[in-house]
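# Tertiary structure, described
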Amino acid sequence: MRDTDNMEAEMEYDDGEEEPSFSDPEDFVDDISDQELLGDVLRDKPQEADGIDSVVVVDNVPQVGPDRLEKLKNVIQKIFSKFGKITNDFYPVADGKTKGYIFLEYSAPSHAQEAVKNADGYKLDKQHTFRVNLFTDFDKYMSISDEWEAPEKQPFKDFGNLRHWMEDSDCRDQYSVIYDSGERTGIFANDVKEPIEVEERARWTETYVRWSPKGTYLATFHQRGIALWGGEKFKQIQRFSHQGVQLIDFSPCERYVVTFSPLMDTKDDPQAIIIWDVLTGQKKRGFHCESSAHWPIFKWSPDGKFFARMTQDTLSIYETPSMGLLDKKSLKINGIKDFSWSPGDNIIAFWVPEDKDIPARVTLMQLPSRNEIRVRNLFNVVDCKLHWQKNGDYLCVKVDRTPKGTQGVVTNFEIFRMREKQVPVDVVEMKEGIIAFAWEPNGSKFAVLHGESPRINVSFYHVKNNGKIDLIKMFDKQQANSIFWSPQGQFLVLAGLRSMNGALAFVDTSDCTMMNIAEHYMASDVEWDPTGRYVVTSVSWWSHKVDNAFWLWTFQGRLLQKNNKERFCQLLWRPRPPSLLTQEQIKLIKKDLKKYSKIFEQKDRLSQSKASKELVDKRRTMMEDYRKYRERAMDMYNEQRPLRLELRGVFVFSGGVWTIIGEKN
Amino acid sequence: MWDTKNVLTGSADNSCRLWDCETGKQLALVETNSAVRTCGFDFSGNIIMFSTDKQMGYQCILNYFDLRDPQQIEDNQPYLSLPCNESKITSAVWGPLGEFVIAGHENGEINQYSAKSGEILKVAKEHTKQINDIQSSVDLTMVISASKDCTAKLFDSTNLEHIKTFKTERPVNSAAISPIMDHVVMGGGQEAMEVTTTSTRIGKFEARFFHAAYEEEFGRVKGHFGPINCVAFHPDGKSYSSGGEDGYVRIHYFDPQYFDFELEA
């Protein structure tokens, strides 16, 4: 009670007194800045510079009189408001017509940048293609110095002859071998007698290697990125920094390389996939990537002019060298499941599944025109796979269907004849499940493995010119799960890899004969050389921990070499660039083949006999040395005879004399 | 023993026993502290050696007993006992005149141990992994060593000079020198425990024949379906035997072509 009484007392004002003043004293200067007080408001304070950054200049605008000005403004508004809110516009006029260029102001500089990015180059009509620039850019370009400074000269890096390996006088192809569980990588030249080591380095790559499509470069993988090597001595030609890179892909022309790393993606700066210019080493463009499950994500057109990728309901096609979207927009294709380029032309094949009452269909689209040159409707489709023949002459679409009223899945091959008018399609019905399918490169046959283990069959079909597709031959009871055609066609290897224990069958499809049946126990890989003369089967340490080796066979299935390599991992043939010979020249050479054969046979015989001679000489020397050693050993043995006899109680040494026990001296 | 009167056996039952060949009667017993790995008579038949394994705290020891002094056996007192500290002995044979024992070790080394003084007379460090077997030529002038490093090597017995190497892709468990031809035979394969993915097809494990001078393989004999543990030529050189993990001993007699066969030289 007492406290409250006191407070009340203090608060009492005397009657008549003025209210206490709450004003600052006259000379008071506060020490709070505007920034602290009004920071958030100040941030939004309009600044002089802002206005200019949001302005764009649009050129090549139609020049119209006042009667059509309203319509023009509407069109401009429609086009340019896509990028942001237009706060201001200015249409300069001269002699009663608009000058042909206008100024647009957006509410933010980012909108202006979007407008430049997307509307520059926009074709309004035949005569008017907009040029859009930032207003500030004009200033920048105007103030470029008049003095021209010559760019710094970069020293010429001479990598030597990048095609050096093609000049081997005996036409030996090269291949890379990774062994020692990845610690060592070697490059060998393929000689029939035994591999000739060209280069070998420890820790050349951290995981595996890849050759470029024409064989010019060897790519190695490292934590920091990839490196390209080439030339006679495999010098480092280029390096691309992409932390954590896992996968790469080359454009067919070798001008670009695409790298993927799961580490580098951020929302603002897509860096999961990067496309590089091989010769300059420049980063051309980065892309997002959700998953690398179906690498390569970007598929290249055969001439390297376009590359494309598929995302949800969208097909995005980009051009080189600009790296921009073709026609500045992606294609909306609802439900697109898969696509691939023809290996011979700029044609994309893609398929979409059934959608309500629209049947599934396969479409062939020509680029860059985007003309649909063929559409094929398919019914009751479960799945499709696209298989192009190597030259783009044929497309096979493997269609898995569940026919109406049945439960099971049936497979058809829809064969598109690309070289014929209107691209006719023929259907081959398959009675059994398909294990593997492969086109003959450079030819018009295909091979199919079908059935179910243990009853697996292989069938060979020929796509004839008369519109028929003939079944040439079928072999049953095959131990195979993969088909490997020779890159030149005609010959192939049927292999039962991994779980099928390495069964091999060598087939000549010109008359469908089995040339040889053999085995490379536990083989995990089959690789043809680029000329189609040799086949390598190998047991990789990555799949099987013992007996790691690679075996060399002829195309007919004759075993030439068994090369055991400690913890062998991978062998890859070096691809060859396309031949420089014209078709006529090749025909001529084939005509004169007998003449060339004779020369080569003679050379082979000489080299064989040289090998035999070397071997024979080596053996002779070894035998001589061994004989000499044995002679010495036998001499010593004979000298020691008395000692031996003594040891066994036959001789005794007494009185300075050796005596046979039991005999009187 | 050279006159085939007696047989010397060593076992993992921690003993080394001497037997009468004809009657099967045990003539002598030497108890040891750990398993007996290898044993043998010297050329005279008077001295025996055996090595014990490094086990259960006990060292690997090379023991020499003189049979002419029965007290040594009775008291279990070898006249010479050599401990091997570094790497245990895996296989051993006597030298040509009983002066030393040639022993192969777990670390791939081959040493000559004097039977008189116990000192190491010669060393050969040619193999990179464990020696699985050492056998002598019939005249004892050479020995062949079989190693886990997938090679077999020929050495001169007296000076341990490395003469030849025979290379394969599988660990070699045993090797022998033909008494009448310039041939050696080798048998091997992964130990059953170590790897379960070697080819288990019937008869895949092979005995391999190499030319002793050219170091080249010239023949293989299939038949075993498990790794081969031991090979030996018959003293007349007309046949050979192999014993394998599969529990079989196989005896093969050579065709006439085997004796005529020559590599081009």
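Residues numbered from 1 in each chain as written. Chains lettered and ligands numbered in written order. Predicted model: local features only at pLDDT ≥ 70, side-chain atom pairs only at ≥ 80, totals over all residues. Heavy atoms only, no water.

Right, let's talk about the overall build of chain B for a bit. Check the secondary structure of chain B and you find two helices and 22 strands. Counting across all 265 residues of chain B, residues that qualify as buried make up 54%. Taking all contacts inside chain B whose residues are at least 6 apart in sequence as the whole, residues at least 24 apart take part in 37%. As displayed, chain B has an accessible area near 12,200 Å², and 48% of this comes from carbon and sulfur atoms. (Helix = DSSP H or I, 4+ residues; strand = E, 2+ residues; numbered from the N terminus. Buried < 20%, exposed > 50% of the residue type's maximum accessible area, 1.4 Å probe, protein only. Contact = heavy atoms within 4.5 Å. Areas by Shrake-Rupley, 256 points an atom, 1.4 Å probe, with all protein chains shown as cover.)

In this structure the tally under the stated criterion is two cavities of 30 Å³ or more. Reported here for the largest cavity is a volume of approximately 60 Å³. In this structure, the largest cavity is lined by Ala-633, Met-636, Tyr-637 and Gln-640 of chain A together with Pro-96, Asp-139, Leu-140, Thr-141, Asp-156 and Thr-158 of chain B. By residue number, the principal contributor to the lining of the largest cavity is helix α8 (residues 593-639) of chain A, which donates three residues. Approximately 30 Å³ is the volume found for the second largest cavity. Along the lines of polarity and charge, the residues of the lining of the second largest cavity split into four nonpolar, one polar and two charged. (1 Å grid on protein atoms, 1.4 Å probe; cavity = no way out; pocket = protein on both sides within 12 Å on 5 of 7 lines; lining within 4 Å. Points joined across faces, edges and corners; volume = space filled by probe spheres on them. Nonpolar A, V, L, I, M, F, W, Y, C, P; charged D, E, K, R; others polar.)

On to a negative patch on the surface, then. On the surface, Asp-24, Asp-30, Asp-31, Asp-34 and Glu-36 of chain A cluster together to form a negatively charged patch. Its place among the elements puts Asp-31 of chain A in the loop between α1 (2-11) and α2 (34-43). (Patch = residues over 30% accessible without salt bridge, like charges linked within 9 Å, V, L, I, M, F, W, Y side chains within 5 Å. Salt bridge = Lys/Arg side-chain N within 4 Å of Asp/Glu carboxyl O. Lys, Arg positive; Asp, Glu negative; His and termini not counted. Charge placed at Lys NZ, Arg CZ, Asp CG, Glu CD.)

Chain B puts 31 residues into the contact, and the matching count from chain A is 25 residues. Between chain B and chain A, roughly 2,800 Å² of surface is buried when both sides are summed, and carbon and sulfur atoms account for 59% of that area. When the area that chain B buries against chain A is broken down by residue, the three leading residues are Phe-43, Leu-97 and Tyr-214 of chain B, summing to 20%. Applying the counting criterion to the chain B and chain A interface returns four salt bridges. As a salt-bridge pair, Asp-182 of chain B and Arg-627 of chain A come within 2.6 Å of each other at their nearest N and O atoms. At the boundary of chain B with chain A, the tally comes to seven residue pairs in polar contact (both at pLDDT 80 or more). Listed by contribution, the elements that provide at least two residues to the side of chain B that touches chain A are β14 (151-156) and β15 (162-167) of chain B. Residues of the side of chain B that touches chain A, tallied by class, amount to twelve nonpolar, nine polar and ten charged. (Buried area = accessible area lost by both parts, 1.4 Å probe. Polar contact = N/O pair within 3.5 Å; in protein donor to acceptor, adjacent residues only side chain to side chain.)

With that settled, consider the confidence of the model for chain A. Residue and element names in this part refer to chain A. In this model, chain A carries an average pLDDT of 86, and 92% of its residues clear a pLDDT of 70 or more. The element-level mean pLDDT for chain A is lowest in α1, coming to 48, with strand β40 (residues 525-528) highest at 95. Long-range and interchain partners of residues 6-13, a stretch whose pLDDT sits below 50, account for zero contacts in this model, where long-range means more than four residues apart. (pLDDT = per-residue confidence, 0-100.)

Right, let's talk about the UniProt feature "repeat: WD" (unreviewed entry) in chain B for a bit. As recorded in UniProt, the sites labelled "repeat: WD" (unreviewed entry) are residues 1-29 and 221-251 of chain B. The annotated region residues 1-29 of chain B carries 0% helix and 55% strand content, and the separation between its end C-alpha atoms amounts to 16 Å. (UniProt positions renumbered as here; feature names shortened; annotations may be inferred.)

Residues and elements named next belong to chain A. Here we have four strands laid out as an open sheet, ordered β12-β13-β14-β15, and antiparallel in their pairing. Sheet topology places β12 (209-211) and β15 (235-241) at the edges, where each strand pairs with a single neighbour. Along the sheet, successive strands turn relative to each other by an average axial angle of 25°, direction set aside. For strand β14 (residues 225-230) and β15, the ladder comprises six bridges, and the chain directions are antiparallel. Looking at β15, one finds that Ile-226 is bridged to Phe-240. (Pairing = 2+ DSSP bridges. Axes fitted to C-alpha atoms, helices over the stretch in contact; angles between N-to-C directions.)

Our focus in this paragraph is unusual backbone geometry. Residue and element names in this part refer to chain A. Here Thr-320 and Pro-321 are connected by a cis peptide whose omega angle stands at 0°. Summarising the element assignment, Pro-321 is placed in the loop between β22 (314-319) and β23 (331-332). In the segment running from Ser-453 into Pro-454, the intervening peptide bond is cis, with an omega of 5°. Locating Pro-454 in the fold gives a position in the loop between β33 (445-452) and β34 (455-463). Even without being a glycine, Asp-95 presents a positive backbone phi close to 50°. Mapping Asp-95 onto the fold places it in the loop between β3 (93-94) and β4 (97-98). You can call Asp-95 exposed: its relative accessible area is 81%.

Turning to the packing of aromatic side chains, a few remarks are in order. Residues and elements named next belong to chain A. Applying the stated criterion across every chain yields a total of 53 aromatic pairs over all chains. Between Phe-413 and Phe-446, the ring centres sit 6.1 Å apart and the planes meet at 70°, which makes this aromatic pair edge-to-face. Remark: Phe-446 occurs in strand β33 and Phe-413 occurs in strand β30 (residues 410-417); sequence separation between them is 33 residues. A relative accessible area of 0% places Phe-413 in the buried class. A relative accessible area of 0% places Phe-446 in the buried class. Both rings, one in Phe-506 and one in Trp-553, keep their centres 5.3 Å apart while their planes meet at 40°; by these two values the pair is tilted. Remark: Trp-553 occurs in strand β42 (residues 549-554) and Phe-506 occurs in strand β38 (residues 503-508); sequence separation between them is 47 residues. Owing to a relative accessible area of 2%, Trp-553 belongs among the buried residues under this scheme. (Phe/Tyr/Trp six-rings, centres within 6.5 Å; stacked < 30°, edge-to-face > 60°.)

With that settled, consider the side chain of Glu-414 of chain A. Residues and elements named next belong to chain A. The residue Glu-414 is located in strand β30 in this model. Of note is the side chain of Glu-414, whose polar atom sits 2.6 Å from the side chain of Arg-376. If we ignore the near neighbours within four places in the chain, the residues touching Glu-414 are Arg-376, Leu-378, Leu-395, Cys-396, Val-397, Val-399, Val-425, Asp-426 and Val-427.

So, on to the state of the cysteines. Counted by the stated rule, this structure contains zero disulfides over all chains. Of all cysteine sulfurs, the one in Cys-60 of chain B lies closest to Cys-84 of chain B, which takes part in no disulfide; the gap is 4.0 Å. (Disulfide = S-S within 2.5 Å.)

As a further point, take the nonpolar core. Counting 41 residues, the largest nonpolar core has Ile-273 and Phe-307 of chain A as its most contacted members. Only β12, β13 (218-222), β14, β15, β16 (247-250), β17 (256-260) and β18 (273-277) of chain A provide two or more residues apiece to this core. Counting residues in hydrophobic clusters, the runner-up holds 22 residues, among them Ala-146, Leu-154, Val-172 and Met-186 of chain B. (Core = buried A, V, L, I, M, F, W, Y, C linked by side-chain atoms within 4.5 Å.)

Before going further, it helps to spend a moment on the environment of Ile-348 of chain A. Residue and element names in this part refer to chain A. Within the secondary structure, Ile-348 sits in strand β25 (residues 347-352). As a C-alpha pair, Ile-348 and Glu-372 span 24 residues in sequence and 9.5 Å in three-dimensional space. Not counting residues up to four positions away in its chain, the partners in contact with Ile-348 are Ala-308, Leu-315, Ile-317, Phe-339, Ser-340, Trp-341, Thr-363, Leu-364, Met-365 and Leu-367.

Our next topic: the pairing of strand β13 (residues 142-147) of chain B. When a strand is regular, its side chains alternate between the sheet's two faces. Residue and element names in this part refer to chain B. Summarising burial for β13: six of the six residues are buried, a large majority. With five bridges connecting them, strand β12 (residues 131-136) and β13 associate as antiparallel partners. In the strand pairing of β13, Ile-134 is matched with Ser-145. Between β12 and the antiparallel strand that follows it, β13, lie five residues; Leu-140 among them carries a positive phi value of about 65°. Bridge count for β13 against β14 is five bridges, and the pairing is antiparallel. Across the sheet, the residue bridging to Met-142 is Asp-156, located in β14. Following β13, the chain reverses through three residues before pairing antiparallel with β14; Cys-150 in that reversal takes a positive phi of roughly 75°.

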